[in-house]
Amino acid sequence: QVQLVESGGGLVQAGGSLRLSCAASGLTFSSYAVGWFRQAPGKEREFVAFINWSGSSTYYGDSVKGRFTISKDNAKNTVYLQMNSLKPEDTAVYYCEADWHRSAVVTSAAEYDYWGQGTQVTVSS
C-alpha cells in the first residue's frame, strides 16, 4: 500500500522559512516524479513545484519561483520543499503527489497517481 506523508508545516512569520518533507512508503521516489501543490480555503489546488523522476529537472509556479526549492533524497525516499521568504499569501495546506516515471512537468493535481493528506502552513504578517 502506497502512502505519502507530508510533514514540516507550522506557523511562521512573514519572511521566515520552513522545510516541508514528503516521505513515501510502498514506492521508491527514484522512479517517481513528485509535485507539490497547495490549497487555501475557498480556492482551487494550486501547483507549486515539480521534480522529475530522475531529479534532473525542476519547475516552479510563478508565485513561488526564486523563493521555494524542491529536492529529492532517494536514500531517504523523501522529497523536500524548502520555502524561504514566506508571505501571508503562502498560507495553505500543502500536498505532495507522485507520478511514475514522468519526465515532463505536470501542473494538474489530477494527473498524479498518489497524494498525501497534506500539512498546514500558516504565515502571519
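Above this note sits the structure.
Residues numbered from 1 in each chain as written. Predicted model: local features only at pLDDT ≥ 70, side-chain atom pairs only at ≥ 80, totals over all residues. Heavy atoms only, no water.

Describing the environment of Asp-73
Put simply, the test is: The way it works is that DSSP assigns letters per residue, a run of H or I at least four long becomes a helix, a run of E at least two long becomes a strand, and they are numbered from the N terminus. For this analysis, a polar contact is any N or O atom pair within 3.5 Å, provided that within protein one partner can donate a hydrogen and the other can accept it, and provided that sequence-adjacent residues contribute only side-chain to side-chain pairs.
Considering the arrangement of structural elements, one finds Asp-73 in strand β7 (residues 68–73). Taking the C-alpha atoms as reference points, Asp-73 and Ser-30, separated by 43 residues in sequence, lie 8.6 Å from one another. There is a polar contact of 3.1 Å between the side chain of Asp-73 and the backbone nitrogen of Ala-75.

Section: unusual backbone geometry
Look at Ser-85: it is not a glycine, yet its phi comes out positive at around 50°. With respect to the helices and strands, the residue Ser-85 is situated in the loop between β8 (78–83) and β9 (92–100).

Some points on the sheet that holds β7
So the rule is basically this: Any two strands with at least two DSSP-identified bridges between them are counted as paired. To obtain an axis, a line is fitted to C-alpha atoms, over the contacting stretch when the element is a helix, and the angle between two such axes runs from 0 to 180 degrees between their N-to-C directions.
Sheet architecture is open: 4 strands sit in the order β1-β3-β8-β7, paired in antiparallel fashion. The sheet terminates laterally at β1 (3–7) and β7, the two strands that pair on one side only. Sheet twist, expressed as the mean angle between neighbouring strand axes with direction ignored, is 15°. When strand β3 (residues 18–25) meets β8, the two strands line up antiparallel, connected through 6 bridges. Note that in β8 the partner of Leu-20 across the bridge is Leu-81.

Some points on the side chain of Ser-21
For clarity, the threshold we go by: The contact criterion used throughout is that any non-hydrogen atoms of two residues lie within 4.5 Å.
Residue placement: Ser-21 occurs in strand β3. Setting aside anything within four residues of it in sequence, one finds Ser-21 in contact with Val-5, Glu-6, Ser-7, Trp-36, Thr-78, Val-79 and Tyr-80.

A look at the packing of aromatic side chains
Given two aromatic rings, one states the distance between the centres and the angle between the planes to describe the pair. Quick reminder of the rule: Ring geometry is summarised as follows: Phe, Tyr and Trp rings, the Trp one being its six-membered ring, pair when their centres sit within 6.5 Å, and such pairs are stacked at plane angles under 30 degrees, edge-to-face over 60 and tilted between the two. Residue burial is assigned from relative accessible area. The probe radius is 1.4 Å, only protein chains are included, and a residue is buried under 20% of its type maximum, exposed over 50%, and partly exposed in between. Whether a charge lies above a ring is judged from NZ of Lys or CZ of Arg, which has to be within 6 Å of the ring centre and within 35 degrees of the ring normal.
Per the counting criterion, the structure on display carries 4 aromatic pairs. Taking the centre distance of 6.0 Å and the plane angle of 40° together, the rings of Phe-47 and Tyr-59 count as tilted. In this pair, Phe-47 sits in strand β5 (residues 46–51) while Tyr-59 sits in strand β6 (residues 58–60), placing the two residues 12 residues apart along the sequence. With relative accessibility at 11%, the residue Phe-47 sits in the buried group. Grouping aromatic residues by their ring pairs yields a cluster made of Phe-37, Phe-47, Tyr-59 and Tyr-112. Lying across the ring of Tyr-80, Arg-19 places its NZ or CZ 4.1 Å from the centre.

Purely geometric numbers; function is a separate question.
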